[in-house]
Amino acid sequence: MATATPPRKRRARCRDTIIAKQFRHNRIKDKLSQAQIAALMGVSRQQVQKYENGEDRIAASTLADISERLGWDILAILGLDQSPSTCKQPRRT
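Before going into details, it helps to say that this report is about the structure given with it. Just so we're clear, the structure is a prediction, and the values are computed from it rather than from any experiment.

Buried within helix α3 (residues 45–53) are the following residues: Val48, Tyr51 and Glu52. Angular distribution of buried residues about the axis of α3 spans 95°; they occupy a single face of the element. Positive phi appears at Gly54, one or two residues downstream of α3, with a value of about 80°.

Time to look at the packing of helix α2 (residues 34–41) against helix α4 (residues 60–70). For the pair α2 and α4, interaxial distance at closest approach is 10 Å and the crossing angle is 110°. In terms of axis orientation, α2 runs roughly perpendicular to α4. Between α2 and α4 lies a crossing whose hand is right-handed. Touching Ile37, Leu40 and Met41 of α2 are Thr62, Ile66, Arg69 and Leu70, all from α4. Its residues placed into classes, the contact of α2 with α4 shows 5 nonpolar, 1 polar and 1 charged.

Position of Asn26 among the secondary structure elements: in helix α1 (residues 14–29). When near neighbours in sequence (up to four residues on either side) are disregarded, Asn26 contacts Trp72 and Ile77.

Take the packing of aromatic side chains next. In total, this model carries 1 aromatic pair according to the counting rule given. For the pair Phe23 and Trp72, a centre-to-centre distance of 5.6 Å together with 85° between the ring planes defines the contact as edge-to-face. Note that Phe23 is positioned in helix α1 and Trp72 in the loop between α4 and α5 (74–77), a separation of 49 residues in sequence. The two residues Phe23 and Trp72 agree in class, both being buried.

Calculation rules
- Residues numbered from 1 in each chain as written.
- Predicted model: local features only at pLDDT ≥ 70, side-chain atom pairs only at ≥ 80, totals over all residues.
- Heavy atoms only, no water.
- Buried < 20%, exposed > 50% of the residue type's maximum accessible area, 1.4 Å probe, protein only.
- Helix = DSSP H or I, 4+ residues; strand = E, 2+ residues; numbered from the N terminus.
- Arc of directions from axis to C-beta.
- Axes fitted to C-alpha atoms, helices over the stretch in contact; angles between N-to-C directions.
- Parallel < 35°, antiparallel > 145°, perpendicular 65-115°, else oblique.
- Left-handed = near helix turned anticlockwise from the far one by under 90°.
- Contact = heavy atoms within 4.5 Å.
- Nonpolar A, V, L, I, M, F, W, Y, C, P; charged D, E, K, R; others polar.
- Phe/Tyr/Trp six-rings, centres within 6.5 Å; stacked < 30°, edge-to-face > 60°.

Dropping the structure here:
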């Protein structure tokens with residue numbers, strides 16, 4: 001019987017890292033705990049920790065919902081308020 005191959009760990013992209021850092025920054029700025037954010041999002045505190053560490057991605061709809069509820073600037077969280085972009089686009093060959 002063949003053993004299942006474990007899934008490969010996905011490397012966080014530049015944009016994923018920006019989102020994770022901005023998400024955490026906003027939470028701390030608003031003096032909210034991971035447990036409080038988790039309750040608002042309907043996820044566990046551990047899941048919020050994974051979002052902030054960049055281990056898991058936050059769904060766009062979830063990010064939009066929580067940003068709207070807390071008055072966060074979604075463009076800042078996405079890193080789109082920075083000019084020029086801190087994420088370099090990959091070269092196309």
